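Here is what each chain is made of, one letter per residue.
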Amino acid sequence: MSRRYADAITVRSASERGPPTEFFWSRRRYRIQLVLARWVERDSWWLSLAPAQQSAELPGERTVWRVEAASGPWVGVYDLCQISGEWFLARSFD
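Structure report, in brief. Here the structure is a predicted model, which means the values were calculated and not measured. (Residues numbered from 1 in each chain as written. Predicted model: local features only at pLDDT ≥ 70, side-chain atom pairs only at ≥ 80, totals over all residues. Heavy atoms only, no water.)

**Here we look at the layout of surface pockets**
The method is simple in principle: a probe with the dimensions of a water molecule rolls over the atoms, and the space it marks as empty is what remains.
Part 1: Quantified by volume, the largest pocket comes out at close to 280 Å³.
Part 2: Lining the largest pocket are V11, R12, S13, E16, R17, G18, R38, T63, W65, Q82 and W87.
Part 3: Of all the elements in the fold, those that place two or more residues in the lining of the largest pocket are β2 (10-13) and β5 (61-71).
Part 4: For the lining of the largest pocket, the element with the highest residue contribution is β2, accounting for three residues.
Part 5: Here the residues of the lining of the largest pocket sort into three nonpolar, four polar and four charged. (1 Å grid on protein atoms, 1.4 Å probe; cavity = no way out; pocket = protein on both sides within 12 Å on 5 of 7 lines; lining within 4 Å. Points joined across faces, edges and corners; volume = space filled by probe spheres on them. Helix = DSSP H or I, 4+ residues; strand = E, 2+ residues; numbered from the N terminus. Nonpolar A, V, L, I, M, F, W, Y, C, P; charged D, E, K, R; others polar.)

**Remarks on the sheet that holds strand β4 (residues 28-42)**
Part 1: If you walk across this open sheet you meet the seven strands as β1-β7-β6-β5-β4-β3-β2, and the pairing is antiparallel. Two strands bound the open sheet, and with one partner strand each, they are β1 (2-8) and β2. If you compare each strand with its neighbour and ignore which way they point, the axes differ by 30 degrees on average.
Part 2: Bridge count for strand β3 (residues 20-25) against β4 is four bridges, and the pairing is antiparallel. Note on β4: the bridge partner recorded for F24 is R29. (Pairing = 2+ DSSP bridges. Axes fitted to C-alpha atoms, helices over the stretch in contact; angles between N-to-C directions.)

**What about the packing of aromatic side chains?**
Part 1: In total, this model carries six aromatic pairs according to the counting rule given.
Part 2: On the basis of an interplanar angle of 5 degrees and a centroid distance of 4.8 Å, the ring pair of F23 and Y30 is categorised as stacked. Neither residue differs from the other here; F23 and Y30 are each classed as buried.
Part 3: In textbook terms, an aromatic cluster arises when at least three aromatic residues are bridged by ring pairs, as seen for Y5, F23, W25, Y30 and Y78. (Phe/Tyr/Trp six-rings, centres within 6.5 Å; stacked < 30°, edge-to-face > 60°. Buried < 20%, exposed > 50% of the residue type's maximum accessible area, 1.4 Å probe, protein only.)

This is the structure we're talking about:
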């Protein structure tokens, strides 16, 4: 089971283009133990048909990192989403 979020988070990584090493969410620090996957999502093709409706809320591309992370004794799987340099928690898996 998973839960969707759109919460802004702070992410740290060893380099600008490297994988995230930790993130902060809800006043907790999560250390990333394993990067499970990375992919790029693009907006649906039909959104480009109505350019008047496009705005900063509809970015064309986002990078998603699926990670296994621990905060204290709790370990979980999370999708971290990067859009135009900003980071968001997109999903957590139970």
